[in-house]
Amino acid sequence: MHLCIMNQDVLKLFGEHLRKIRTKKGFTQVELAYKGNFDRNYIGMLERGERNPSLRNIIRLAEALDISLTELVSFKFK
């Protein structure tokens, strides 16, 4: 599989997983952005697979969601 295609798939899968966790926690995108000190548009871009979060931002997301890093990055590839 071409690396660029694989990266896009991973970003979309991560975004879908992030959305599921966020909604399960009862947060809107704006609320999560506020809790993690992110720009409000950034969360939507992550959830749509348009942005590749840095390790620092993944840690901030996990902290804002009050979950472990493992839970945040544990999703299955299709």
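Heads up: the structure comes first, above all this text.
Residues numbered from 1 in each chain as written. Predicted model: local features only at pLDDT ≥ 70, side-chain atom pairs only at ≥ 80, totals over all residues. Heavy atoms only, no water.

J.: For this particular structure, what's the right way to read the overall build of the protein chain?
T.: What the protein chain contains, in helices and strands, is five helices and zero strands. Written out in order from the N terminus, the α and β elements of the protein chain read α-α-α-α-α. A burial count over the protein chain gives 37% of its 78 residues as buried. Here the contacts in the protein chain between residues at least 6 apart in sequence split such that 57% fall between residues at least 24 apart. Summing over all exposed atoms, the protein chain offers an accessible surface of approximately 5,400 Å²; the carbon and sulfur share of this is 54%. (Helix = DSSP H or I, 4+ residues; strand = E, 2+ residues; numbered from the N terminus. Buried < 20%, exposed > 50% of the residue type's maximum accessible area, 1.4 Å probe, protein only. Contact = heavy atoms within 4.5 Å. Areas by Shrake-Rupley, 256 points an atom, 1.4 Å probe, with all protein chains shown as cover.)

J.: Whenever I open this one, unusual backbone geometry confuses me. Can you help?
T.: The phi torsion of most residues other than glycine is negative, and most of the peptide bonds are trans. A positive phi angle, close to 60°, is found at Asn37, a residue other than glycine. Of note, Asp66 is a non-glycine position whose phi angle comes to about 60°, a positive value. Relative to the elements of secondary structure, Asp66 occurs in the loop between helix H4 (55-65) and helix H5 (69-73).

J.: Any chance you could explain the nonpolar core here in plain terms?
T.: Soluble globular proteins tend to bury their nonpolar side chains together. Ranked by size, the top nonpolar core spans 19 residues in total, and within it Leu18, Leu32, Ile43, Leu61, Leu65 and Leu72 carry the most contacts. When contributions to this core are tallied by element, the ones reaching two or more residues are helix H1 (3-25), helix H2 (29-36), helix H3 (40-47) and H4. In terms of residues, this core owes the most to one element, H4, which gives five residues. If near-sequence neighbours (up to four positions away) are discounted, Ile43 is found in contact with Arg22, Gln29, Leu32, Ala33, Phe38 and Leu61. (Core = buried A, V, L, I, M, F, W, Y, C linked by side-chain atoms within 4.5 Å.)

J.: Hey, could you run me through H3 in this one?
T.: Owing to its 3.6 residues per turn, the α-helix brings residues three or four apart onto one side. Along H3, the residues classified as buried are Tyr42, Ile43, Gly44, Leu46 and Glu47. Capping the start of H3 is the job of one residue whose side-chain oxygen sits 2.9 Å from the backbone nitrogen of Asn41: Asp39. (Polar contact = N/O pair within 3.5 Å; in protein donor to acceptor, adjacent residues only side chain to side chain.)

J.: So what exactly am I meant to see when it comes to the packing of H2 against H3 here?
T.: For any two helices packed against each other, the geometry is given by the interaxial angle and the distance between the axes. Two numbers describe how H2 lies on H3: the axes approach to 8 Å, and their chain directions differ by 115°. Between H2 and H3, the interaxial angle falls into the category roughly perpendicular. The two elements H2 and H3 meet at a crossing, and its hand is right-handed. Facing H2, whose interface residues are Gln29, Val30, Leu32 and Ala33, H3 presents Arg40, Ile43, Gly44 and Glu47. Taken together, the residues of the contact of H2 with H3 sort by class into four nonpolar, two polar and two charged. (Axes fitted to C-alpha atoms, helices over the stretch in contact; angles between N-to-C directions. Parallel < 35°, antiparallel > 145°, perpendicular 65-115°, else oblique. Left-handed = near helix turned anticlockwise from the far one by under 90°. Nonpolar A, V, L, I, M, F, W, Y, C, P; charged D, E, K, R; others polar.)

Read these as spatial facts, not as claims about activity.
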